[in-house]
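Results of the structural survey
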Amino acid sequence: MASAPSHEVAQGGSVAGAAAPSWWAAARSKNGPGYLFLLPWFIGFFGLTLGPILISLYLSFTDFDLLTAPHWNGGANFVRIFTADAKFIQSMRVTLFFVIVSVPLKLAFALGVALLLNRGMRGLPIYRAIFYLPSLLGASVAIAVLWRQLFAGNGLVNQFLLNFGIVGPSWISNPRYSLWTLIALAVWQFGSPMIIFLAGLRQIPLDMYEAASLDGAGRWRMFRKITLPLLTPVIFFNAIIQTIEGFKSFTPAFIISGGTGNPINSTLFYTLYLYQEAFGFFRMGYASALAWILLVIVALFTSFSFLTSKYWVHYDN
Amino acid sequence: MITDVQRLTVVTGDSGETTRLRKGALSLLAHGLLTLASILMLYPLLWMLSASFRPENEIFTATSLWPSSWSIQSYIRGWTGLRIGFDTFFLNSLIIAVLAIIGNLATCSLAAFAFARLEFRGRRFWFAMMLGTLMLPYQVTLIPQYVLFHQLGWVNTFLPLVVPKFLAADSFFIFLMVQFFRGLPKELDEAAMMDGCSPWRIYWKILLPLSTPVLATAAIFTFIWTWDDFFAPLIYLSDIRTYTVQLALRTFVDSSAESDWGGLFAMSTLTLVPVFIFFLVFQRLLIEGIATTGMKR
């Protein structure tokens, strides 16, 4: 640990100059205060983040079950995951579907409402507060409980539909609709990306629109040629954050399905499957392998997004 | 402003009258849409609130929001619906949230000060590492952390939920504070440094007093996220006396969902109340906090 910083810096090339002779000399130099202030973070970073990441990589090649010492079993976990684990494929499908459908919907709502509100509407603070509230409350168990009731067979949604003579199914226990109720819950929480969009819209200089309208540009053209391009950094930011949030989603599926991911695994999120393996069956080695696959997927997704971002995200500098 | 509008109308060739009419109609349409959306968004919440005050037999038959008669029976039943009263669960959640706030404010601000204001070898590298942990899926550290806390004998205590906060494990808040510190004039520290101020004094006497907005934002978000957290308590707490409100609600669902919806809704409503109060009181800080994370300074 002592020599790691200077070594990494040499690679990163951020600071020029000779390497410090020893840890103690470094601590007394002008570097000292920086590392001292970072001490709690360093303990956390090595003890709770980096160390565990490496240990879970090791565990993913073992049959660890929490009670007995882990035995190395080569790539057996990964072989089983990729060749003989129907639940892995199902949970991957559920999670990807959830992310691919809910994130664009959520962002579309967020952007649409932000555009409406940004027209200098009266009552903006009230609307903004109302739309933001669900994303503050949405992560709690209480909201999942409420959702479970809303979309139950005798729930509020069906009572409402009954007014029009429609007898609705039990949305949460029908595998065709169960995942959609969770997507609805995610979209309901469009408030926090909306606020980020609003802040982004406010940073677009008004004189750009004036100049464009002097040139005879219509509303739609101004949106496509000014608003959208200048907003791409914010769209990018929101898309990344919401996608990662989507991959991490756990509580609603757990509460609504009672921890099972049913009906017929239609709401078996990847996080839920991993939880079952780790803390239901105590297959910790296997769950570690699942966790590492998730890490690789998230890392691939993030780096892919950042790499492609330079082709569509417009940074002014 | 008025001249702008006039200029625009001249350019687009509309007469002032039609533009004004169109503008009025559009704004009416927008208000209508937004009001409809607001009602749709809030209806489930209001419905749950009213259901919690309804007589039990009325919950599933009425769609209106106003109960025919008000009753707090559900609250009384729900409060003692589990083996232990909800006072214990509320107290547990409160203790954990307060400790989490203290830990986050103390250690995240230390780290953020180092990243934003101090010169040291490897700063950019460690800052990049810190940003990297922002994106990290927690599952990948979950099992080794569990093993660690298990072997320390911390399962069924609050320590696994609280100690990480004292090790600046929530990088989001470091990031938030770095953004804020960078916006404060650098001349402040430089002048203090000239006067022989130590970094500690600059941090404690100059930067922190100027940073109450971001500290308050971090405290509020820490409260809400810790209060709402379900996963960590689910993993680490299995003794009902250590349950948080979220875990207690889940147990309530399992034990009596089909029989006592009234009690369940009453307790669900109660667990939302602290977050709602924070929302009402600190709305501006919350909204600014969210907005600035998406902005480059």
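Note that the coordinates shown come from a computational prediction; the quantities given were computed from them, not determined experimentally. Each chain has its residues counted from 1, running along the sequence as written. The lettering of chains begins at A and the numbering of ligands begins at 1, in the order of writing. The predicted origin of the model limits local features to residues at a pLDDT of at least 70 and limits the giving and counting of side-chain atom pairs to 80 or more, whereas totals for whole chains, interfaces and linings rest on all residues.

The next subject is the overall build of chain B. Starting at the N terminus, helices and strands are each numbered in turn, a helix being any DSSP run of H or I of at least four residues and a strand any DSSP run of E of at least two. Across its full length, chain B carries 14 helices and zero strands. Moving toward the C terminus, one meets the helices and strands of chain B in the order α-α-α-α-α-α-α-α-α-α-α-α-α-α. Radius of gyration here is computed from C-alpha atoms only, and the compact-globule reference equals 2.2 Å multiplied by the residue count raised to the power 0.38. A globule of 297 residues ought to have a C-alpha radius of gyration of about 19 Å, yet chain B, at 26 Å, is considerably larger. Dimensions of chain B along its principal axes, counting C-alpha atoms only, are 80 × 75 × 35 Å. Throughout, a residue-residue contact means that the two C-beta atoms, derived from backbone geometry, are no farther apart than 7 Å. Summarising the internal contacts of chain B: among those between residues at least 6 apart in sequence, 75% fall at separations of at least 24.

When helices and strands are tallied, chain A shows 16 helices and zero strands. Relative to the compact-globule value of 20 Å for 317 residues, chain A shows a C-alpha radius of gyration of 25 Å, a clear excess of over 25%. Overall size of chain A, expressed as C-alpha extent along the three principal axes, is 70 × 55 × 35 Å. Across the 317 residues in chain A, those meeting the buried criterion constitute 38%. The long-range share in chain A, meaning contacts at least 24 apart out of those at least 6 apart in sequence, stands at 66%. Each residue is classed by its C-beta neighbour count within 10 Å, where at least 20 other C-beta atoms makes it buried, 12 or fewer makes it exposed, and intermediate counts make it partly exposed; the C-beta atoms are placed from backbone geometry.

UniProt positions are given in the numbering used here, feature names are shortened, and annotations may be inferred rather than shown by experiment. Taking the UniProt record as the reference, the feature "domain: ABC transmembrane type-1" (unreviewed entry) is found at residues 92-305 of chain A. Measuring from the first to the last C-alpha atom of residues 92-305 of chain A gives 20 Å, for a span that is 74% helix and 0% strand.

Another aspect to go through is the environment of Q149 of chain A. All names here are of chain A. Note that Q149 resides in helix α8 (residues 141-150). Taking the C-beta count within 10 Å as the criterion, Q149 has 23 such neighbours and is therefore assigned buried. With 84 residues separating them in the primary sequence, Q149 and P233 have C-alpha atoms 38 Å apart. Residues contacting Q149, with those up to four places away along its chain left out, are G155 and L156.

Here we come to the interface of chain B and chain A. How large an interface is tends to be reported as the accessible area lost when its parts come together. Residue-level contacts link 66 residues of chain B with 82 residues of chain A. Among the elements that line the side of chain B that touches chain A, the one with the most residues is helix α14 (residues 261-293) of chain B, at 10 residues. Each residue is assigned to one of three groups, with Ala, Val, Leu, Ile, Met, Phe, Trp, Tyr, Cys and Pro labelled nonpolar, Asp, Glu, Lys and Arg labelled charged, and all others, Gly among them, labelled polar. Along the lines of polarity and charge, the residues of the side of chain B that touches chain A split into 46 nonpolar, 13 polar and seven charged.

Low pLDDT marks stretches whose predicted atomic positions should not be read closely. Of all residues in chain A, 90% have pLDDT values of 70 or greater, and the mean over the chain is 84. pLDDT is a per-residue confidence score from the predictor, ranging from 0 to 100. Low pLDDT, under 50, characterises residues 1-21 of chain A; the stretch is placed with 23 contacts to residues that sit more than four places away or in other chains.

A separate point is the nonpolar core. Linking buried Ala, Val, Leu, Ile, Met, Phe, Trp, Tyr and Cys residues through C-beta atoms within 7 Å yields a set, and such a set is a nonpolar core. Counting residues in each nonpolar core, the largest one holds 146 residues, and the members touching the most others are A111, A112, F113, I174, M177 and A218 of chain B. Counting residues per element, this core draws most heavily on helix α4 (residues 86-117) of chain B, at 14 residues. When near neighbours in sequence (up to four residues on either side) are disregarded, A111 of chain B contacts F37, L38 and W41 of chain A together with A168 and I174 of chain B.

Per the UniProt record, "transmembrane region" (unreviewed entry) is annotated on residues 35-61, 96-117, 129-147, 177-201, 222-241, 253-275 and 287-307 of chain A. Within the segment residues 177-201 of chain A, helix and strand shares are 88% and 0% respectively, and the terminal C-alpha atoms sit 35 Å apart.

This paragraph deals with the environment of Q73 of chain B. Residues and elements named next belong to chain B. Take Q73: it is sitting in helix α3 (residues 73-79). Judged by local crowding, Q73 falls into the partly exposed class, with 14 C-beta atoms found within 10 Å. Sequence-wise, Q73 and P55 are 18 residues apart; in three dimensions their C-alpha atoms are separated by 7.6 Å.

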